[in-house]
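Chain residues, written in single-letter form:
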Amino acid sequence: MNSIEAEIQLATLRDSFYRKIDTLYCSRDIFFTVASVSAFMNSIPPRQPSAMKWFLAFVISLLPSAASAVELDLPTVFSDHMVLQRELNVPIWGKAESGSAIEVSFAGQTITTQADETGTWRLQLAPIEASAESRVLTIQATLGEQKNQHQIQAVLAGEVRLAGGQSNIVRPFRMLTDDANQKPHQPTVKYLRDERDTANDPLLRQFRSGKVFCVDEPQFKGRGEWSKAVPGDVNEFSDTAYFLARELRRQLNVPDALLSCNLGGTLIEAWMPQEAFATTTELKDYYASKQDEFKKSTESWNADRSNAEHKQAFGAWKQKKSADQKVGREPPKPKSPDASKHNSCTLCNGIIHPVASYGLFGHAHVKNSNQLQTTPAKNKQHLFIMTGQSNMDRLNLDLSFIPTVEAKFGKANVTVIKDAQRGRPIRQWYKAWKTADGQPALPDATPKQQAKDTKLIGTLYDRLMKKVKPAVQEKTFDTITFCWMQGEKDAKYGHGSVYAKSLQGLIKQLSDDLGRDDINFVIGRLSDFAVDDPKIPDWNVVRSAQVKVANASPRGAWLNTDDLNDGLDQLGKPIKNDLHCSAEGYRLLGKRFAEKAIELIKAN
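The notes below deal with the structure included here. Note that this is a predicted model, so its numbers are computed, not measured.

About the criteria used
- All residue numbers here refer to positions counted from 1 along the written sequence of the relevant chain.
- Per-residue local features of the predicted model are confined to residues with pLDDT of at least 70, and side-chain atom pairs are confined, for both listing and counting, to 80 or more; whole-chain, interface and lining totals are unaffected and use all residues.
- Excluding hydrogens and water, the side-chain values take into account all heavy atoms of the structure.
- Under the DSSP-based scheme used, a helix requires at least four consecutive residues in state H or I and a strand at least two consecutive residues in state E, with every element numbered from the N terminus.
- Exposure is judged per residue with a 1.4 Å probe applied to protein chains only, and the accessible area is read against the type maximum: over 50% gives exposed, under 20% gives buried, and values in between give partly exposed.
- Any two residues whose heavy atoms approach within 4.5 Å are treated as being in contact.
- What sets the accessible areas is the Shrake-Rupley method with a 1.4 Å probe; for residues, cover comes only from the shown protein chains.
- Both cavities and pockets are sets of points on a 1 Å grid over the protein atoms alone; in a cavity a 1.4 Å probe fits but cannot get out, in a pocket the set is open with protein on both sides within 12 Å along at least five of seven lines, and lining residues sit with an atom within 4 Å of a point.
- Grid points are joined across faces, edges and corners, and a volume is the space filled by probe spheres set on the points.
- The nonpolar class holds Ala, Val, Leu, Ile, Met, Phe, Trp, Tyr, Cys and Pro. Asp, Glu, Lys and Arg form the charged class, and all remaining residues, Gly among them, are polar.
- Here a strand pair is declared whenever DSSP counts at least two bridges between the two strands.
- Throughout, an axis means a line fitted to C-alpha atoms (over the contacting stretch in the case of helices), and angles, computed between N-to-C directions, take values from 0 to 180 degrees.
- What counts as a ring pair is set by centres within 6.5 Å for rings of Phe, Tyr and Trp (its six-membered ring), and what kind of pair is set by the plane angle: stacked under 30 degrees, edge-to-face over 60, tilted for all other angles.
- Salt bridges are defined by distance alone: a side-chain nitrogen of Lys or Arg within 4 Å of a carboxyl oxygen of Asp or Glu.
- Given a helix with a known number of residues, its expected span is that number minus one, times 1.5 Å.
- Bend is computed residue by residue as the angle between axes fitted to the seven residues ending at the residue and the seven residues starting at it.
- Throughout, a crossing is termed right-handed when the near helix is turned clockwise from the far one, and left-handed when it is turned anticlockwise from it by less than a right angle.
- Here, nonpolar core refers to any group of buried Ala, Val, Leu, Ile, Met, Phe, Trp, Tyr and Cys residues whose side-chain atoms link them within 4.5 Å.
- A residue counts as positive if it is Lys or Arg and as negative if it is Asp or Glu; His and the chain ends are not included.

A tally of helices and strands in the protein yields 19 helices and 20 strands. Burial status across the protein gives 47% buried among its 604 residues. Look at the contacts in the protein between residues 6 or more apart in sequence, and 73% of them connect residues 24 or more apart. Element-wise, carbon and sulfur atoms account for 50% of the exposed surface of the protein, whose accessible area totals about 30200 Å².

Over the atoms rolls a probe the size of a water molecule, and in doing so it shows where empty space is left. Taken as a whole and assessed by the stated rule, the structure comprises 7 cavities of 30 Å³ or more. Considered as a void within the structure, the largest cavity measures approximately 80 Å³ in volume. Around the largest cavity sit Arg 122, Gln 124, Val 472, Lys 475, Thr 476, Phe 477, Ile 480, Leu 514 and Arg 516, which together line it. Among the residues making up the lining of the largest cavity, the classes are represented as 4 nonpolar, 2 polar and 3 charged.

Sheet architecture is open: 5 strands sit in the order β15-β14-β16-β17-β18, paired in parallel fashion. Both outer strands of the open sheet, β15 (414-420) and β18 (556-559), are each paired with one neighbouring strand and no more. Along the sheet, successive strands turn relative to each other by an average axial angle of 15°, direction set aside. Summarising the sheet, strand β14 (residues 382-388) and strand β16 (residues 479-485) pair through 7 bridges and their orientation is parallel. Residue pairing in the sheet places His 382 in a bridge with Thr 479 of β16.

Another point: the packing of aromatic side chains. Any aromatic ring pair is given by two values, namely how distant the centres are and how the planes are angled relative to each other. Under the definition given, this model contains 16 aromatic pairs. A ring pair is formed by Tyr 242 and Phe 243, whose centres lie 5.1 Å apart and whose planes are at 80°; its orientation type is edge-to-face. Judged by relative accessible area, which is 21%, Phe 243 ranks as partly exposed. Between Phe 529 and Trp 539, the aromatic rings sit 5.5 Å apart at their centres with planes inclined by 55°, giving tilted as the arrangement. Taken as a pair, Phe 529 in the loop between β17 (520-524) and α18 (538-551) and Trp 539 in helix α18 lie far apart in primary sequence, 10 residues in all. A relative accessible area of 1% means that Trp 539 is categorised as buried. The rings of Phe 78, Trp 93, Phe 207, Trp 226 and Tyr 358 are connected pair by pair, giving a single aromatic cluster.

Before going further, it helps to examine the pattern of salt bridges. Per the counting criterion, the structure on display carries 23 salt bridges. For Asp 462, the salt bridge is made with Lys 431, and the minimal N-O distance between the two is 2.6 Å. Of this pair, Asp 462 sits in helix α15 (residues 459-474) while Lys 431 is found in the loop between β15 and α14 (447-455), placing the two residues 31 residues apart along the sequence. Given the relative accessible area of 43%, Lys 431 is considered partly exposed. The closest approach of N and O atoms between Lys 591 and Glu 595, which form a salt bridge, is 2.4 Å. Of the two residues, Lys 591 and Glu 595 both sit in helix α19 (residues 583-603), 4 residues apart, roughly one turn of that helix. What makes Glu 595 partly exposed here is its relative accessible area of 33%.

Compared with an ideal rise of 1.5 Å per residue, which puts 16 residues at 22 Å, α15 spans 24 Å between its outermost C-alpha atoms and is within 8% of the ideal. Along α15, the sharpest change in direction is near 30° and occurs at Met 465. Leu 460, Tyr 461, Leu 464, Met 465, Val 468, Lys 469, Ala 471 and Val 472 are the residues of α15 that are buried. Its buried side turned inward, α15 meets β5 (109-114), β6 (120-125), β14, β15 and α17 (499-514).

This brings us to the sheet that holds β6. Either a parallel or an antiparallel arrangement is found when strands of a sheet pair, and the pairing is made through backbone hydrogen bonds. Taking strand neighbours across the sheet as the criterion, the 3 strands line up as β1-β3-β6 in an open arrangement whose pairing is antiparallel. Edge positions in the open sheet fall to β1 (72-73) and β6, since each of these has one partner strand only. In terms of strand pairing, β1 meets strand β3 (residues 90-96) through 2 bridges, oriented antiparallel. Residue pairing in the sheet places Asp 73 in a bridge with Lys 95 of β3.

All right, on to the pairing of strand β9 (residues 201-209) then. Summarising the sheet, β9 and strand β10 (residues 224-229) pair through 6 bridges and their orientation is antiparallel. Counted as the bridge partner of Arg 205 is Lys 228 from β10. For β9 and strand β11 (residues 256-262), the ladder comprises 5 bridges, and the chain directions are parallel. From the neighbouring strand, Gln 206 faces β11, where its bridge partner is Leu 258.

To continue, consider the packing of α15 against α17. Each packed pair of helices is defined by two parameters, the angle between the axes and the distance between the axes. Where α15 contacts α17, the axes come no closer than 11 Å and their chain directions differ by 35°. With respect to the hand of their crossing, α15 and α17 are arranged in right-handed fashion. Note on element contacts: α17 touches α15 through Leu 506, Gln 509, Leu 510, Asp 513 and Leu 514, opposite Tyr 461, Met 465, Val 468, Lys 469 and Val 472.

Further remarks concern the nonpolar core. Among the nonpolar cores identified, the biggest contains 42 residues, and Ile 92, Val 104, Trp 121, Leu 125, Leu 137 and Tyr 358 are the most heavily contacted of them. Among the elements that make up this core, the one with the highest residue count is strand β8 (residues 146-165) (5 residues). Counting residues in hydrophobic clusters, the runner-up holds 39 residues, among them Ile 385, Ala 471, Leu 503 and Leu 526.

Of note, His 81 is a non-glycine position whose phi angle comes to about 75°, a positive value. Assignment of secondary structure puts His 81 in the loop between β1 and β2 (83-85). Although it is not a glycine, Cys 345 sits at a positive phi angle of roughly 75°.

Here we take up the side chain of Asp 513. Mapped onto the fold, Asp 513 is located in helix α17. Nearest to the buried, unbridged Asp 513 among oppositely charged side chains is Lys 469, at 4.9 Å. Beyond its immediate stretch of four places on either side in the chain, Asp 513 contacts Thr 113, Arg 122, Tyr 461, Met 465 and Lys 469.

It is worth stressing that arrangement in space is one thing and function is another; only the former is reported here.
Written out as structure tokens, the structure is:
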């Protein structure tokens, strides 16, 4: 085998290996970086393809075992030397085995949640003050007797910002410190070299995202690693973002971090999420045409043919170069169509999505040379969770609730989730519900009825959370407000004595599941339908319990519904002191829920 053939074979092996690593990186937790692999590959001398075979065998031997005790997987951005955004509810998320108990501990906080049926989990740390103290973020999954714990070392709290774009924000020090092509630019090069050689600020950090191209769906894990602005490591810092962060460090005197998610020579469509292409007819048509092109190119792609063509072109190029001919750059290695950085959505899915939920405070600007002001993001996101029994079920949110909150916060900043069911007791939401004396939930129930009733405990809450959890996994909400309209069934069953405890337990249950201790809640008090009915003595007990629970918390409020059940019902029939609201009553009910929710958001 001559030297040219050996180099061609080695290049082909390298390309095959890189494609294999790309596939593994999208699905497995590999503990080495592409940079380290590349360094090793480039050190292999020509004529030694056997070294490649040895290295591949070595890598395969180091891949994680499929027999790990309890799955616990995190996005790569959650790794040693990370920086958490100060003074913000900090999202933490990951994957584990379904049903696993998740516990996150940091800076004196310990919060818990449970992985859902898909294995996904998410929670939030309460706001953290800026700190240069190097601390440990502990994340643990427990399932039965088995545990899996990740300890993320050297974690700081400070300012975090996203540095996105293409070449002018990508270029690191190592690309900008060679001698300038034009003499007038040499002083700039010298300045950059001096900064590179003297930079030594371990509180200035960067997460450098690696390349992941995924056309079809957003990726969970991503690639990348954290590094500090210290000698050696600073070579990989984006120059543009570095000088911004350096100035912020000087002005704010807190740790500062960059999420450097960028790639040179890229089109904006590659950074756009798929839903952005649905906003106009032109974008929809453009996206459809690009996807059609991608499908055709993928179907026609033949790796063997492309590698053979490259082998021939590379050989010709090598021979001309050996003869001292001007031949230009080496022929580029062939790439599968799905490895192109120009495909629509591919960089959003592969680079942005794995860090999209990471806590970012907002933006910063310098008012003058001596004063820097940090401005929170203008558009806070608000989630409203609406549930309960018949009066919530019949409530048309489009009549007044949604228009009221959207008028206050803006349509793009409001998410409303409703799931209600008529004629249901609170135990179908509160999973730890018990009667006062431990007797069957249904009066005079047969054993068969008791067993059936027990199976229903918590079922409506689970149904509600199937809607809520995907929403909080996709978006970070600044506020969450829980709106509750229920109690009639518990009053009729005679369970008023445990209603306050059950309602408080339900609110805590929701708070624990979402990893939030700042949930606002609005309770619609039972109407005056049965206040004088001796057959339902617990009606007044439930009404009092609802007011008591709301008044006991600064995040709670209750609203009056006594005047909403007279007039014409939704079918146009007259009603008087009805169990349900009138048509106009439902409009007012939605408006009152919205107004109380807005008051709580402003107050807290």
